[in-house]
Amino acid sequence: MSDGFWQMGGYARFVWPCFALAGLVLAWNLWAARRHHAAARRRVQRALAMNPGGDA
């Protein structure tokens, strides 16, 4: 690729940090969703262990 693409017409110092920030936000969202899902699974497993019969 040409240097012009990577320099973004002089706006590279604004564009590339925005891409990096967006990547960090997406990675954080993925990490937080997995952590929340794992915690919810633990809560459900704990609740099932406390009431194995399933009666209310």
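Residues numbered from 1 in each chain as written. Predicted model: local features only at pLDDT ≥ 70, side-chain atom pairs only at ≥ 80, totals over all residues. Heavy atoms only, no water.

A. Region of interest: the overall build of the protein. Helix and strand content of the protein: two helices and zero strands. Here the protein has a C-alpha radius of gyration of 23 Å; the compact-globule value for 56 residues is 10 Å, and the former is much larger. The 56 residues of the protein split such that 4% are buried. Accessible surface, the protein as shown: approximately 5200 Å² in total, 67% of it carbon and sulfur. (Helix = DSSP H or I, 4+ residues; strand = E, 2+ residues; numbered from the N terminus. Rg over C-alpha atoms; globule rule 2.2 N^0.38 Å. Buried < 20%, exposed > 50% of the residue type's maximum accessible area, 1.4 Å probe, protein only. Areas by Shrake-Rupley, 256 points an atom, 1.4 Å probe, with all protein chains shown as cover.)

B. A look at unusual backbone geometry. In the Ramachandran plot, methionine 8 falls in the positive-phi region, its phi being about 55° despite a non-glycine side chain. Structurally, methionine 8 can be placed in the loop between helix H1 (3-7) and helix H2 (12-50). Owing to a relative accessible area of 24%, methionine 8 belongs among the partly exposed residues under this scheme.

C. View of the environment of proline 17. Here proline 17 shows up in helix H2. Separated by 15 residues in sequence, proline 17 and alanine 32 have C-alpha atoms that sit 22 Å apart.

D. Fine view of the packing of aromatic side chains. Taken as a whole and judged by the stated rule, the model has two aromatic pairs. Relative to phenylalanine 14, the ring of tyrosine 11 has its centre 6.5 Å away and its plane inclined at 45°; by these criteria the two rings are tilted. Among the residues examined, phenylalanine 14 registers a relative accessible area of 47% and is labelled partly exposed. (Phe/Tyr/Trp six-rings, centres within 6.5 Å; stacked < 30°, edge-to-face > 60°.)

E. Representation of a nonpolar patch on the surface. A cluster of nonpolar residues, Phe5, Trp6, Trp16 and Phe19, forms a patch on the protein surface that exposes about 430 Å² of accessible area. Put simply, the parts of the chain that give the nonpolar patch at least two residues each are H1 and H2. (Patch = residues over 30% accessible without salt bridge, like charges linked within 9 Å, V, L, I, M, F, W, Y side chains within 5 Å. Salt bridge = Lys/Arg side-chain N within 4 Å of Asp/Glu carboxyl O.)

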